[in-house]
Each structure stands twice: as structure tokens, then as C-alpha cells.
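So the chains spell out like this:
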Amino acid sequence: MKKQLKLDINKFFGFHWSDLFWLDFEIDNAFDALLKLNENQEMTLNETEENLKSAVKQKEEDFKELQLQDRESYINQLFYIDEQIILELKRLQRYSIVISAYAIFESKLKKLCESIEKQFDFKVKIDDLNSSDGDIKKLWLFLVKVYEIDHLESESKLTYINQNKFVRNIVTHHDGVCKAVLVKKIPKLKLLDVEDFGDDKR
């Protein structure tokens with residue numbers, strides 16, 4: 001005898017908020033586009049570096065009759081500006097990715113919270129929250145409160161975001177340069193290098 005399958009219709013939940021799907025798509029699409037942009041820029045930069053190396057090698061061959069010191073001095077004068085341009089391109093490229101990634105995150109988080117506030121009648125409102133740490137902290141607190149997210153569980157994620165914000169602020173407002181005394185505050189994030197820059201760090 002076959003067993004009758006019992007279903008409780010009350011336990012089925014429909015997904016009606018299509019805006020969330022599109023926002024999720026926008027976020028994925030934005031970061032995928034940024035990743036692709038970075039890959040294209042890196043490819044172009046590598047090609048530029050290789051072209052410069054080939055040009056230097058050719059000049060070394062053309063002037064191999066010169067004394068080593070004279071040859072190196074001439075080549076240095078000839079390609080110094082090109083080398084500095086490549087270094088500046090590399091720096092600007094890295095900085096632009098940092099700024100763009102944080103801007104995407106901040107704008108999408110704001111859009112998500114504003115959409116939630118508009119769609120659902122929660123007592124907590126974004127403007128009712130105060131945070132001296134800026135909009136990211138305020139928006140994060142909004143999500144924690146309206147969805148009763150475990151504060152301790154979310155704190156580590158917020159800390160990581162704030163660490164990235166610290167680096168982003170140095171890049172945006174100080175051209176990536178900070179006082180040596182602040183180096184301890186710079187988190188050891190993946191792919192982040194800190195180097196000497198005069199008496200400061202970059």
C-alpha cells in the first residue's frame with residue numbers, strides 16, 4: 001500500500017521580492033566587470049613593460065661598442081621617463097581598483113538598505129541611526145537590527161570592511177602616502193604591499 005504524501009501548504013514560501021534578485025545580479029555584474037577591467041589593464045601594462053624591455057635591449061645591442069658605464073648612462077637618460085611613466089601607471093591602476101571596489105560595495109549596500117526600508121515597514125529607519133564611523137557602519141547597523149543578525153558573528157566582517165576603508169581613505173585623500181607612525185594601523189590585507197617613501201610609507 002502506497003503511503004500518502006502529506007504537504008503543509010502553510011510551510012511553502014513564495015519569493016515575491018524580485019528587486020532583490022536584480023540587486024544581487026547588479027552586485028555580481030559590477031564586481032565581475034571590475035575584475036575584467038583589472039585583467040585588461042594588467043595585460044596592457046605587462047605589454048608596455050615588455051615593449052620597454054625590448055627597446056632597452058635593442059639599444060644595448062646598438063651601443064655595445066661603448067664603455068659599460070657610458071652605455072648604461074646613455075640608456076638610463078634615454079628611457080628614464082618611460083620607466084617612470086610605467087611605475088606611475090602601475091600605481092594609478094592599483095589605486096583606481098581599490099577606490100572602485102569600495103565605491104561599488106558602499107553604493108550597493110546603500111541601495112539594498114534603502115530598498116528594504118521602502119519595501120518593508122520596519123520600525124527602525126536608516127536616518128534614526130547614528131554612527132561616527134560613517135555610512136557603512138550605519139547601514140550595517142540597520143541590517144543587524146531589522147534582521148536581528150548576531151552582532152558578534154557580523155563584527156568580524158565589519159572589521160574587515162573597516163580595514164579596507166582605512167586603506168581606501170589613504171589612497172583617496174593622501175595619494176596612498178601615510179606617516180610611518182600609522183603603518184601599524186595598516187592591516188595586513190591580501191595583495192597589499194607597504195614600502196618606504198622618504199620619511200613616510202606608501
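Here the structure is a predicted model, which means the values were calculated and not measured. (Residues numbered from 1 in each chain as written. Predicted model: local features only at pLDDT ≥ 70, side-chain atom pairs only at ≥ 80, totals over all residues. Heavy atoms only, no water.)

Asks: How would you sum up the packing of aromatic side chains? Please name residues and give values.
Replies: Within this structure, the stated rule accounts for five aromatic pairs. Plain terms: the ring middles of Trp22 and Phe25 are 6.0 Å apart, the flat faces sit at 85° to each other, and that makes the pair edge-to-face. Here Trp22 pairs with Phe25, and both are found in helix H1 (residues 18-62), just three residues apart, close to one helical turn. Overall, the relative accessible area of 48% leaves Trp22 in the partly exposed class. For the ring pair Phe120 and Phe122, a centre distance of 6.2 Å and an interplane angle of 50° mean the geometry is tilted. The class of Phe120 is partly exposed, set by a relative accessible area of 32%. The class of Phe122 is partly exposed, set by a relative accessible area of 24%. The rings of Phe21, Trp22 and Phe25 are connected pair by pair, giving a single aromatic cluster. (Phe/Tyr/Trp six-rings, centres within 6.5 Å; stacked < 30°, edge-to-face > 60°. Helix = DSSP H or I, 4+ residues; strand = E, 2+ residues; numbered from the N terminus. Buried < 20%, exposed > 50% of the residue type's maximum accessible area, 1.4 Å probe, protein only.)

Asks: Tell me what's going on with the confidence of the model for the chain, and back it up with residues and numbers.
Replies: Summary statistics for the chain give a mean pLDDT of 81 and a share of 80% for residues scoring 70 or more. Per-element confidence in the chain ranges from a low mean pLDDT of 54 for strand S3 (residues 200-201) to a high of 91 for H1. (pLDDT = per-residue confidence, 0-100.)

Asks: Could you give me a rundown of the environment of Gln41, with the residues and numbers involved?
Replies: In this structure, Gln41 sits in helix H1. C-alpha of Gln41 to C-alpha of Arg94: the two residues are 53 residues apart in sequence and 9.7 Å apart in space. Dropping the residues within four chain positions of it, Gln41 is found in contact with Gln93, Ser96 and Ile97. (Contact = heavy atoms within 4.5 Å.)

Asks: Could you give an account of the packing of helix H2 (residues 68-119) against helix H4 (residues 151-174), with specific residues and numbers?
Replies: Following both chains from N to C, one finds H2 and H4 inclined at 130°, their axes separated by 10 Å at the closest point. Accordingly, the angle class assigned to the pair H2 and H4 is oblique. The hand of the H2/H4 crossing is left-handed. Residue-level contacts link Tyr95, Val98, Ile99, Tyr102 and Phe105 of H2 to Ile161, Lys165, Arg168, Val171 and Thr172 of H4. For the contact of H2 with H4, the class distribution of residues is seven nonpolar, one polar and two charged. (Axes fitted to C-alpha atoms, helices over the stretch in contact; angles between N-to-C directions. Parallel < 35°, antiparallel > 145°, perpendicular 65-115°, else oblique. Left-handed = near helix turned anticlockwise from the far one by under 90°. Nonpolar A, V, L, I, M, F, W, Y, C, P; charged D, E, K, R; others polar.)

Asks: I'd like a description of unusual backbone geometry, backed by residues and values.
Replies: Unusually for a residue other than glycine, Glu148 sits at a positive phi of about 50°. Relative to the helices and strands, Glu148 resides in the loop between helix H3 (135-146) and H4. Overall, the relative accessible area of 71% leaves Glu148 in the exposed class.

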